[in-house]
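# Structural overview for review
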Amino acid sequence: MGSDTRKRTAGAFDVRLVIALLTGVYGAVITVLGIGFVSDEDLAKAGGMNINLIAGIGLLVFTGLFLLWVKLRPLTVPVPEDEEDDSSQSEQG
Amino acid sequence: MTVLAQDLRLDANAIDYALLAFYFALVLGIGYLARKQVSSSLDFFLSGRSLPAWVTGLAFVAANLGAIEVMGMSANGAQYGLPTVHYFWIGAIPAMLFLAIVMMPFYYGSKVRSVPEFMLRRFGKPAHLVNGVSFALAQILIAGANLFLLASVVNLLLGWPLWLSIILAAVIVLAYTALGGLSAAIYNEVLQFFVIVAALLPLTLVGLHEVGGWEGLVDKVASGPGGEEQLSSWPGNQLTGFGDNFLSVLGIVFGLGFVLSFGYWTTNFVEVQRAMASKSMSAAQRTPIIGAFPKMLVPFIVIIPGMIAGVSVTELSGENKAALLAGEAAPSGATFNDALLLLMRDLLPNGMLGIAIAGLLASFMAGMAANLSAFNTVFTYDIWQAYIKKDKPDQYYLRAGRVVTACATILAIGTAFIASTYSNLMDYLQQLFSFFNAPLFATFILGMFWKRMTAHAGWSGLVAGTGAAIGVFLLAETGVWDLPGQGASFIGAGAAFVVDIAVSVVVTMMTRPKPETQLVGLVYSLTPKESRTRSTVGEDAGWYRNPGLLAGIVLALTIVLNIFF
């Protein structure tokens, strides 16, 4: 997306990437906690369910789907009328 | 409460704090990035009307998924059980669909920038001023209450002093709303929506696992205080406080489902503003409908954890629940409001706990940001620009918007400290809400479909309707009219609606209507069909972007849910 510097991308950012960043980091952290650092006390608390691992994997899957969406339907930035000369508008995917 | 504070202290460790800090970094980052999009006052107040429907749709739900919703509805779940779903399926969905299909063409099509501005165009200055001032006042009060609740949760969970949490939270919300305006608020609402789901969905799953699945929950609720009745949504007598089944159903359908919810969802600018920020008529119409899909499912991750807490958390189950249902203090000292926090404490390990805390704080902050962004728009456009400093260049109002946001935040810190002196302020705020929204809805619906309705009818109907609601409230408060449960606000809203209509009709008959040429685009029969219809080409093409069809799907699903539960 960033290769064409003539694209008017400075004016907008894709909130989907921010969401994916958040869920990705959260997912990674608690998956690691769920695999490597789960104590018996934690397990007993949640009735034997390793919720960090399960929720972590869930978050990572969600992140993957979101990134797929961003890839398949990239953000298009319409060029405002007064900047019509800058005509390198990206196509709707 | 002091005894309980120690029990509620969550066992957060460094990882939880790191996850929390990461969330706040992203929130501020969004504010910074959104700032680049702001070059005019329309960018600041309405995101330049450029957002896609899924963003505004999720923001539409998230703006309402604040303190009252998350804490209050899980508390309701613990107290009343499944009938709480009426707040979602009866009390929100139909109104959201009505807003999308019937009202949005006028809001978006007339290009007004706020709900009070619509009042100005339709009914003139008196109605505009009544609506603008009362809305602005309500937002500041609600923002303060949100801020106080946020701070008290931080205080309870993490042990930070109340004043520090209030100021810190206010500074963060101010930073991103003043920088990025509505876009920053909306993008953060979308982010917040996902964090809340990431926090509550695992909590619900662990909770269900803990009590032995859905079957186990059903058995435990049925055998506990409250009994079987808490397991089916109808007739919901415990919720309304009416003994009679028929009256209870009537109260839910007409009071909650019609007047209160239509008043809230269709005229509350906090919500409507999100739809106004979308990029086309079609997207504006789809905003509430897209919002309706998650809205349908939110009860499963809010009410069910509440119900689980009501049977599994020691402080809230058994004799404690029985005492609370009887209107007494529980021996444990807990209240239903603590349901979600206690469940988190009991079930979540570190890591998931950090995400859950982030989700809770996110919901409080987004609630406050929504109040602030709606307030600064109404104050700047409808009070400052309309009556105090007219005809300044656009940049002036953009700057004014930022200054107003800062002032509003300081005022909200003030109202937060006022809020801290009341124990049940949220109840009163919700009541206040019904004072203003129920009559507003009556005036709107009449004004949109009856071209003869006059300017004087506009403001006098509003004032009389609000007066009627306050009258019912006072009767119930002083005990002259005994209405337990939520029945008082249902009846108050009904009275406001009926009185507003009656006064409007009578006043209209005695005063002169506005010339029809001034009402084009504002009244149904005078608006050419073209200006009400949406485009169906380009980014608005496709059956899955057809508001009517989407609304039909939502309605069908809601009916199915009502049959099953």
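Residues numbered from 1 in each chain as written. Chains lettered and ligands numbered in written order. Predicted model: local features only at pLDDT ≥ 70, side-chain atom pairs only at ≥ 80, totals over all residues. Heavy atoms only, no water.

As recorded in an unreviewed UniProt entry, chain B goes by Sodium:solute symporter family protein and comes from Prauserella alba. In UniProt, chain B has this text filed under Sequence similarities (unreviewed entry): "Belongs to the sodium:solute symporter (SSF) (TC 2.A.21) family." Per its UniProt entry, chain B bears the Subcellular location (unreviewed entry) comment "Membrane". (UniProt positions renumbered as here; feature names shortened; annotations may be inferred.)

An unreviewed UniProt entry lists chain A under the name LPXTG-motif cell wall anchor domain-containing protein, from Prauserella alba.

The helix and strand inventory of chain B stands at 24 helices and zero strands. Within the span of chain B, comprising 565 residues, buried residues form 61% of the whole. Carbon and sulfur atoms make up 67% of the accessible area of chain B, which amounts to about 19900 Å² in all. (Helix = DSSP H or I, 4+ residues; strand = E, 2+ residues; numbered from the N terminus. Buried < 20%, exposed > 50% of the residue type's maximum accessible area, 1.4 Å probe, protein only. Areas by Shrake-Rupley, 256 points an atom, 1.4 Å probe, with all protein chains shown as cover.)

The next thing to look at is the overall build of chain A. Regarding its fold elements, chain A presents three helices and zero strands. Mapped from its N terminus to its C terminus, chain A presents α and β elements in the order α-α-α. In chain A, which comprises 93 residues, the share counted as buried stands at 37%. Look at the contacts in chain A between residues 6 or more apart in sequence, and 64% of them connect residues 24 or more apart. For chain A, the accessible surface area stands at approximately 5400 Å², while carbon and sulfur atoms represent 62% of it. (Contact = heavy atoms within 4.5 Å.)

For the rest of this paragraph, the subject is the packing of aromatic side chains. Taken as a whole and judged by the stated rule, the model has 22 aromatic pairs over all chains. An angle of 55° between the planes, with centres 6.3 Å apart, marks the rings of A:Tyr26 and B:Phe22 as tilted. In this pair, A:Tyr26 is assigned in helix 1 (residues 15-36) and B:Phe22 in helix 2 (residues 14-35), connecting two distinct chains. For A:Tyr26, a relative accessible area of 2% corresponds to the buried category. Ring centres of B:Phe441 and B:Phe497 lie 5.8 Å apart, and the angle between their planes is 25°; this geometry places the pair in the stacked category. Taken together, the residues span a long stretch of sequence, with B:Phe441 in helix 20 (residues 425-449) and B:Phe497 in helix 22 (residues 487-510) at a distance of 56 residues. Looking at B:Phe441, the relative accessible area reads 2%, which means it is buried. Three or more aromatic residues joined by ring pairs make a cluster, and in this case those are A:Phe62, A:Phe66, A:Trp69, B:Trp54, B:Phe193 and B:Phe194. Sitting over the face of the ring of A:Trp69, A:Arg16 holds its NZ or CZ atom 4.8 Å from the ring centroid. Geometry around B:Tyr396 places B:Lys392 over its ring, the cationic atom sitting 5.3 Å from the centre. (Phe/Tyr/Trp six-rings, centres within 6.5 Å; stacked < 30°, edge-to-face > 60°. Lys NZ or Arg CZ within 6 Å of the ring centre and 35° of its normal.)

Turning our eyes to something else, we now look at the interface of chain B and chain A. On the chain A side, the residues contacting the 36 residues of chain B number 30 residues. At the boundary of chain B with chain A, the tally comes to zero salt bridges. Put simply, chain B and chain A have three residue pairs in polar contact (both at pLDDT 80 or more) between them. Those elements that place two or more of their residues in the side of chain B that touches chain A are helix 2, helix 4 (53-62), helix 10 (162-210), helix 17 (339-347) and helix 18 (352-388) of chain B. For the side of chain B that touches chain A, the element with the most residues is helix 10 of chain B, which contributes 11 residues. Across the side of chain B that touches chain A, the residue classes tally to 26 nonpolar, four polar and six charged. (Salt bridge = Lys/Arg side-chain N within 4 Å of Asp/Glu carboxyl O. Polar contact = N/O pair within 3.5 Å; in protein donor to acceptor, adjacent residues only side chain to side chain. Nonpolar A, V, L, I, M, F, W, Y, C, P; charged D, E, K, R; others polar.)

Next up on the list: empty space enclosed by the protein. Think of a ball as big as a water molecule: rolled over the atoms, this probe shows where empty space is left. Residues and elements named next belong to chain B. Under the defined criterion, the tally for this structure stands at three cavities of 30 Å³ or more. If you add up the space inside the second largest cavity, you get close to 50 Å³. Val-70, Ile-196, Ala-199, Leu-200, Met-344, Ala-356, Gly-359, Leu-360 and Ser-363 are the residues that line the second largest cavity. When contributions to the lining of the second largest cavity are tallied by element, the ones reaching two or more residues are helix 10 and helix 18. With four residues, helix 18 is the largest single contributor of residues to the lining of the second largest cavity. Across the lining of the second largest cavity, the residue classes break down as seven nonpolar, two polar and no charged. (1 Å grid on protein atoms, 1.4 Å probe; cavity = no way out; pocket = protein on both sides within 12 Å on 5 of 7 lines; lining within 4 Å. Points joined across faces, edges and corners; volume = space filled by probe spheres on them.)

Here the focus is the nonpolar core. A general tendency of soluble globular proteins is for nonpolar side chains to be buried together. All names here are of chain B. With 187 residues, the main nonpolar core has Tyr-23, Tyr-107 and Leu-147 as its most contacted residues. A per-element tally of this core places helix 10 first, with 23 residues. Leaving out residues up to four positions away in the same chain, Tyr-107 has contacts with Leu-99, Val-112, Val-115, Phe-118, Thr-266, Thr-267, Val-272, Met-276 and Phe-444. Among the nonpolar cores identified, the runner-up in size contains five residues, and Phe-44, Phe-45, Tyr-381 and Leu-398 belong to it. (Core = buried A, V, L, I, M, F, W, Y, C linked by side-chain atoms within 4.5 Å.)

Glancing now at the packing of helix 9 (residues 125-158) of chain B against helix 10 of chain B. Residue and element names in this part refer to chain B. Two elements in contact, helix 9 and helix 10, have axes whose closest approach is 8 Å; the angle formed by their N-to-C orientations is 125°. In this view, helix 9 runs oblique relative to helix 10, as classed from their interaxial angle. As helix 9 packs across helix 10, the resulting crossing turns out to be right-handed. Contacts between helix 9 and helix 10 pair Leu-147, Phe-148, Leu-150, Ala-151, Ser-152, Val-154 and Asn-155 from the former with Leu-162, Ser-165, Ile-166, Ala-169 and Ala-170 from the latter. Tallied by class, the residues present in the contact of helix 9 with helix 10 amount to nine nonpolar, three polar and no charged. (Axes fitted to C-alpha atoms, helices over the stretch in contact; angles between N-to-C directions. Parallel < 35°, antiparallel > 145°, perpendicular 65-115°, else oblique. Left-handed = near helix turned anticlockwise from the far one by under 90°.)

Looking now at helix 18 of chain B. Residue and element names in this part refer to chain B. Taking 1.5 Å per residue, 37 residues should reach 54 Å; helix 18 reaches 50 Å between its end C-alpha atoms and fits that length. Along its length, helix 18 reaches its greatest deviation from straightness, about 30°, at Phe-379. Across the 37 residues that make up helix 18, a large majority, 31, are buried. (Expected span 1.5 Å × (residues − 1). Bend = angle between axes of the 7 residues up to and from the residue.)

Residues and elements named next belong to chain B. Evaluated as defined, the whole model comprises three salt bridges over all chains. The shortest N-O distance in the salt bridge between Arg-274 and Glu-189 comes to 2.8 Å. Residue Arg-274 is located in helix 14 (residues 269-276), and its partner Glu-189 is located in helix 10; the two are separated by 85 residues in the primary sequence. Each member of the pair Arg-274 and Glu-189 is classed as buried. Residues Asp-346 and Arg-345 are paired through a salt bridge, measuring 2.9 Å at the closest nitrogen-oxygen approach. Asp-346 sits in the partly exposed class, given a relative accessible area of 24%. Judged by relative accessible area, which is 19%, Arg-345 ranks as buried.

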